[in-house]
Amino acid sequence: RTALTIALGCLFVTIVLSILTARTRPSLCLYLSAIIGISMYNVVVHYAPVLKTLYTGAVTSIPFVFIAVNLSHRDTFFLFPIAVGLFITGREIWMDVHDLKGDKRLGLKTLPLLIGESRCNILGGIFQVMSGALLLALAAGYGSLAGIGVAVLILLADIALYSAWLLGATSWRRALIYGGC
């Protein structure tokens, strides 16, 4: 009960601060979208677990949409939040593959349980490689050699990650999705 009271208090303060600090209506919408998105995560997991991967990717990209809206970037900068969303969606698909047995035990109908583990292995990698390709397109659009170099490295890292996922043992997969051993 105490934890719920503290959480609701923090939520209230966050909403009030968002209203007070937002300089524009789009900024306020993005603030509130992030707050609602984070607050509703467990509801999505419970009632629509198959959508959890896309939902997480979308919510994670909101801060980058905020940057694109509020800073003076070219319209092509909107490729960046899309790339972030794709990468996170791919990672979330792989996390569901990794958690397949637990999700099945809990009765969650996640994507790997609906379309199969092998399809999700491929789909997660495709999302991540598409993310790197979008970053390369963004960097090329800006004409920055340094940006193109970094984007090429990210794309190669995405391809290496995908290859390691497909070829790796199950024990490697935990390290790939959680970033450690």
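Before reading on, note that the structure itself is shown above.
Residues numbered from 1 in each chain as written. Predicted model: local features only at pLDDT ≥ 70, side-chain atom pairs only at ≥ 80, totals over all residues. Heavy atoms only, no water.

J.: Talk me through the packing of aromatic side chains; I want residue IDs and the actual numbers.
T.: Considering all chains together, one arrives at five aromatic pairs under this definition. A ring pair is formed by Tyr31 and Phe66, whose centres lie 5.3 Å apart and whose planes are at 25°; its orientation type is stacked. Within this pair, whereas Tyr31 is found in helix α2 (residues 25-39), its partner Phe66 is found in helix α4 (residues 52-70), the two being separated by 35 residues in sequence. Geometrically, the ring pair formed by Trp94 and Trp165 is stacked, given 4.4 Å between the ring centres and 5° between the ring planes. In this pair, Trp94 is assigned in helix α5 (residues 79-98) and Trp165 in helix α9 (residues 145-167), connecting sequence segments 71 residues apart. Both residues of the pair, Trp94 and Trp165, count as buried. The structure contains a cluster of three or more aromatic residues connected by ring pairs, namely Phe64, Phe77 and Phe80. (Phe/Tyr/Trp six-rings, centres within 6.5 Å; stacked < 30°, edge-to-face > 60°. Helix = DSSP H or I, 4+ residues; strand = E, 2+ residues; numbered from the N terminus. Buried < 20%, exposed > 50% of the residue type's maximum accessible area, 1.4 Å probe, protein only.)

J.: Lay out the pattern of salt bridges with the relevant residues and their values.
T.: Inspection of the entire model under this criterion finds three salt bridges. In this structure, the salt-bridge partner of Lys52 is Glu92, at a minimum N-O distance of 3.6 Å. In this pair, Lys52 sits in helix α4 while Glu92 sits in helix α5, placing the two residues 40 residues apart along the sequence. Since its relative accessible area comes to 8%, Glu92 is described here as buried. In this structure, the salt-bridge partner of Lys52 is Asp96, at a minimum N-O distance of 2.7 Å. Of the two residues, Lys52 sits in helix α4 while Asp96 sits in helix α5, which places them 44 residues apart along the sequence. (Salt bridge = Lys/Arg side-chain N within 4 Å of Asp/Glu carboxyl O.)

J.: Describe the environment of Thr21, naming the residues involved and giving the relevant values.
T.: Mapping Thr21 onto the fold places it in helix α1 (residues 2-21). For Thr21, a relative accessible area of 46% puts it in the partly exposed group. Taking the C-alpha atoms as reference points, Thr21 and Tyr31, 10 residues apart in sequence, are found 9.7 Å from one another. Polar contacts involving the side chain of Thr21 include one to the main-chain carbonyl oxygen of Leu17, which spans 2.7 Å. (Polar contact = N/O pair within 3.5 Å; in protein donor to acceptor, adjacent residues only side chain to side chain.)

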